[in-house]
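# Geometric and topological summary
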Amino acid sequence: MKPARLLLLLSGCALLLAPAVRGCGPGRVVGSRRRPPRKLIPLAYKQFSPNVPEKTLGASGRYEGKIARNSERFKELTPNYNPDIIFKDEENTGADRLMTQRCKDRLNSLAISVMNQWPGVKLRVTEGWDEDGHHSEESLHYEGRAVDITTSDRDRNKYGMLARLAVEAGFDWVYYESKAHIHCSVKSEHSAAAKTGGCFPGQALATLEDGARTPLWALRPGQRVLAMDGAGRPTYSDFLAFLDKEPRALTSFHVIETQEPPRRLALTPTHLLFVAENASAPAARFRPTFASRVRPGHFVLVVAGQGGLQPAEVVGVQDQRDVGAYAPLTRHGTLVVDGVVASCFALVQEQHLAQLAFWPLRLYHSLVGGSGVQGDGVHWYSRLLYRLGRLLLPADSFHPLGVPWVES
């Protein structure tokens, strides 16, 4: 590892481990004292987590079509031969062992949790991929994205805790569906929410210092783009790097629309946007808010007139899918995209914490400058911070969608 990168890595670790860095919840402090293990609360009968419908963006996402053995998408399924999992396989075809890689990873993780929770007991799968049409229309079982599970001893008193363990194992939606089993499902392998954290479409426009507008995909280190400083004033900030760069990813975006003046911004649900409840709030008091929580009637900051910032009321929120996702990082941690002020950060609803955590990366770029053309994918420093954050911060600090790319 190059010395400069090693210095950056150590600086980032020291920063995140420092007792002075606060978490996102009130009164939560990241320090050297170890927290006692978090008490796991079993799901109640008919409860599901997260508390949204299964086939919505905040859970496992929409149905993408049935997979048959002779279809092109059949190659998306992979068999699971984990000896710590019992597969019922009543059809005797091995179908229950077939699932997407994402489902397989979560199931294998859950199998370990089950054995730790109840020594001598294993995880049991009663339904996996369904090729025979035994489930309801548009069931995720038809795509290998859902499993029905029990414990090997079939003790129904354990099922509530089994559901909680499935949530902890990373399933995107868990439902205590029946007294006889727990239903679990995952996002599609193609789902943008399953692949990226906080991003904008590649064709979204940033404003350069000379007034020209450029698509995000074309940004280069050293260029200065319109942003907002800590006092809520417009400024030009150095573009440093992409925290995520996925030119070919099919991505689901939230589209925020304003009317006076008219602006339209697309960004992923976990991305932060500066929002206020009323137009009288000064720009510095607009709070960083997940895009998925922005509603009509809220106010966002937009560029108007001679480059000044003003509030604009949100009049519409909708979803769209597009190819490509880019997450630019600037020195100020903010960026004006398609005329709307947004954060460079996502996942944790705390702009100041994120700006502190990325200080070593900004220092690195100050010392060594741009490193040429950046490869695709999530920046290694972003992965590091997320992994450390998962260890150090409470689970409720993060957006419910989470970021599975760091776990793969």
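This text goes with the structure placed above it.
So, here's what we can say about the structure. Within every chain, residues take consecutive numbers counted from 1 along the sequence as written. Note on the predicted model: pLDDT of at least 70 is required for a residue's local features to be given, and 80 or more for side-chain atom pairs to be given and counted; whole-chain, interface and lining totals, by contrast, use all residues. Only hydrogens and water are set aside when side-chain values are computed; all heavy atoms of the structure are taken into account.

### Looking at the environment of glutamine 318
- With respect to the secondary-structure elements, glutamine 318 resides in strand E17 (residues 308–330).
- Accessible area is worked out with a 1.4 Å probe on protein chains only. A residue is then buried under 20% of its type maximum, exposed over 50%, and partly exposed in between. Given a relative accessible area of 36%, glutamine 318 falls into the partly exposed group.
- Placed 52 residues apart in sequence, glutamine 318 and alanine 266 show a C-alpha to C-alpha distance of 9.2 Å. Strands here mean DSSP runs of E at least two residues long; helices mean DSSP runs of H or I at least four residues long; both are numbered from the N terminus.

### Comments concerning the pattern of salt bridges
- Salt bridges are defined as contacts in which a side-chain nitrogen from Lys or Arg sits within 4 Å of a carboxyl oxygen from Asp or Glu. Applying the stated criterion across every chain, the model contains 13 salt bridges.
- The partner of arginine 145 in a salt bridge is glutamate 143, with the nearest N and O atoms 3.2 Å apart.
- The partner of arginine 331 in a salt bridge is aspartate 238, with the nearest N and O atoms 3.3 Å apart. Taken together, the residues span a long stretch of sequence, with arginine 331 in the loop between E17 and strand E18 (334–337) and aspartate 238 in strand E12 (residues 234–259) at a distance of 93 residues.
- Its relative accessible area of 27% is what places arginine 331 among the partly exposed residues.

### Notes on helix H3 (residues 159–168)
- Taking burial as the measure, the 10 residues of H3 include nine buried ones, the bulk of the element.
- Among the residues making up H3, those that are buried are Tyr159, Gly160, Met161, Leu162, Ala163, Arg164, Leu165, Ala166 and Val167.
- Directly beyond the C-terminal end of H3, a positive phi value near 105 degrees is found at glycine 170.

### Brief notes about the packing of aromatic side chains
- In this scheme Phe, Tyr and Trp rings, the latter by its six-membered ring, pair at centre separations within 6.5 Å, and the angle between planes marks the pair as stacked below 30 degrees, edge-to-face above 60, and tilted otherwise. Taken as a whole, this structure holds 10 aromatic pairs when the rule is applied.
- On the numbers, 5.5 Å between centres and 85 degrees between planes, the contact of tyrosine 45 with tyrosine 176 is edge-to-face. Residue tyrosine 45 is located in the loop between helix H1 (3–17) and strand E1 (48–49), and its partner tyrosine 176 is located in strand E7 (residues 173–178); the two are separated by 131 residues in the primary sequence.
- Measuring from centroid to centroid gives 5.4 Å for phenylalanine 242 and tyrosine 326, while their planes differ by 65 degrees, and the two rings are edge-to-face. Highlighted residues: phenylalanine 242 in strand E12 and tyrosine 326 in strand E17, separated in sequence by 84 residues.

### Notes on the packing of helix H2 (residues 101–117) against H3
- Put simply, H2 and H3 touch, their axes get as near as 9 Å, and they point 135 degrees apart. Regarding the angle of H2 to H3, the classification is oblique. Considering the relative orientation of H2 and H3, their crossing is right-handed. Facing H2, whose interface residues are Leu110, Ser113, Val114 and Gln117, H3 presents Met161, Leu162, Leu165 and Ala166.
- Residue composition of the contact of H2 with H3, by class: six nonpolar, two polar and no charged. Axes here mean lines fitted to C-alpha atoms, for a helix over just the part in contact, with angles spanning 0 to 180 degrees between N-to-C directions. Orientation is classified from the angle alone, with under 35 degrees giving roughly parallel, over 145 giving roughly antiparallel, 65 to 115 giving roughly perpendicular, and any other angle giving oblique. The hand of a helix crossing depends on one turn: near helix anticlockwise from the far one by less than a right angle means left-handed, and clockwise means right-handed. Here a residue-residue contact requires only that any non-hydrogen atoms of the pair lie within 4.5 Å. Charged residues are taken to be Asp, Glu, Lys and Arg, nonpolar residues to be Ala, Val, Leu, Ile, Met, Phe, Trp, Tyr, Cys and Pro, and polar residues to be all remaining types, Gly included.

### Remarks on the sheet that holds strand E5 (residues 123–127)
- Taken in spatial order, the six strands of this open sheet run E1-E7-E8-E6-E5-E3, and their pairing is mixed. The open sheet has two edge strands, E1 and strand E3 (85–87), and neither has a second partner.
- Two elements, E1 and E7, share two bridges in a ladder whose sense is antiparallel. When the sheet's bridge partners are listed, phenylalanine 48 is paired in E7 with tyrosine 175.
- On top of the sheet, H2 reaches E3, E5 and strand E6 (146–151); it is set at about 140 degrees to E5, its chief contact. Strands qualify as paired when DSSP identifies two bridges or more between them.

### Quick word on the layout of surface pockets
- Of the grid points, spaced at 1 Å and generated over the protein atoms alone, those admitting a 1.4 Å probe that cannot get out make up cavities, while open sets with protein on both sides within 12 Å along at least five of seven lines make up pockets; any residue with an atom within 4 Å of a point is treated as lining. Grid points are joined across faces, edges and corners, and a volume is the space filled by probe spheres set on the points. When its volume is computed, the second largest pocket comes out at roughly 680 Å³.
- Forming the walls of the second largest pocket are 26 residues, and the residues nearest its centre are Phe274, Phe286, Arg287, Pro288 and Gln351.
- Those elements giving two or more residues to the lining of the second largest pocket turn out to be strand E14 (271–276), strand E15 (287–290) and helix H5 (351–357).
- Counted by class, the lining of the second largest pocket contains 10 nonpolar, 10 polar and six charged residues.

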